[in-house]
Amino acid sequence: MPRKASQPSLADQHAAPGGAAAVDRALSVLSAFRTGDRSLTLAELAERTQLYKSTVLRLLASLEHGRLVQRTADGHYALGAEIARLHGVYAASFSLEAVVMPVLQELARATRESAAFHVRQGEHRLCLYRVDSPQPVRDHIKAGDLLPLDRGAGGRVLTAFGGAPGEPYESIRQSGVVVLEGDRMPELSGISAPVFNATGELAGAVTLTMPTPRLQRDHAALVVAAAADATRKLGGFYPWPND
């Protein structure tokens, strides 16, 4: 009879409520592969999943049968062709708008201010998506408008995470959010935070804008939460706490 593990595996620690333990463990083996990994040894997979090697071997047999994992010539394990096929299906059906717009709608609902998603376009930033504030006094930027990259909260975030040196960009990279009064126009203020994709690259910036007298700095937490939500839905990892 196999001896009991001294500590729960990662799959056991994060088991799906009402799910199947074997499936949770198989998924933990797939999740053990990280960016930059071409292949992993059995020992590395066992260490990363906190499962016994014998258990990992049984799981690998099923994953290999399903072409989710393949054995390499040197006896290591790599992700299989079925992963690529599924990725193609996902990519073909994926819509950035379907992820970002609900996040912006919730942010605008919670704050009653205008929420937008900006991406870099050359030396400008493009307002790709936008949800207007329900209040009559607001800025009138529209989706499709080009804005300065070197002014405004969204522009500062895109510039900071594009690698610009010095201040204020170093501080923005450290905190993960920026709150600015009148940076683009004296009458307007903004709060912005970065969004990352599944490969860790900058996907854009979630930005909340409002007339300067209505600026509430505690809305920064809501903007960070929105950016973190969008990042997770894009398959990325958000590096700052947002509880």
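For clarity, every value in this text was computed on a predicted model and none was experimentally measured.

The residue Q50 is located in the loop between α3 (42-49) and α4 (53-65) in this model. Separated by 24 residues in the primary sequence, Q50 and D74 have C-alpha atoms spaced 23 Å apart.

The next subject is the pattern of salt bridges. Any two side chains of opposite charge can pair, so long as their charged atoms come close to each other. What the rule picks out here adds up to 15 salt bridges. For R109, the salt bridge identified is with E106, shortest N-O distance 2.7 Å. In this pair, R109 and E106 are both assigned in helix α6 (residues 96-111), three residues apart and thus about one turn of the helix distant. Overall, the relative accessible area of 40% leaves E106 in the partly exposed class. One salt bridge in this structure joins R138 and D132, with 3.5 Å as the shortest N-O distance. R138 gets classed as partly exposed once you look at its relative accessible area, which sits at 23%.

So, on to the nonpolar core. Judged by nonpolar contacts, the single largest core of 44 residues is most densely connected at L104, F117, I191, V206 and Y238. Discounting residues that sit within four places of it in the chain, F117 has contacts with L96, V100, L104, L126, C127, L128, Y129, V195, A203, G204, A205 and V206.

To continue, consider the packing of helix α2 (residues 21-31) against α4. In contact at an axis separation of 10 Å, α2 and α4 are set at 85 degrees when each is read in the N-to-C sense. The angle between α2 and α4 places the two elements in the roughly perpendicular class. Touching A22, R25, A26, V29 and L30 of α2 are T55, L59, L60 and L63, all from α4. For the contact of α2 with α4, the per-class residue count stands at seven nonpolar, one polar and one charged.

Procedures and definitions
Residues numbered from 1 in each chain as written. Predicted model: local features only at pLDDT ≥ 70, side-chain atom pairs only at ≥ 80, totals over all residues. Heavy atoms only, no water. Helix = DSSP H or I, 4+ residues; strand = E, 2+ residues; numbered from the N terminus. Salt bridge = Lys/Arg side-chain N within 4 Å of Asp/Glu carboxyl O. Buried < 20%, exposed > 50% of the residue type's maximum accessible area, 1.4 Å probe, protein only. Core = buried A, V, L, I, M, F, W, Y, C linked by side-chain atoms within 4.5 Å. Contact = heavy atoms within 4.5 Å. Axes fitted to C-alpha atoms, helices over the stretch in contact; angles between N-to-C directions. Parallel < 35°, antiparallel > 145°, perpendicular 65-115°, else oblique. Nonpolar A, V, L, I, M, F, W, Y, C, P; charged D, E, K, R; others polar.

By themselves, these figures tell us nothing about what the structure is for.
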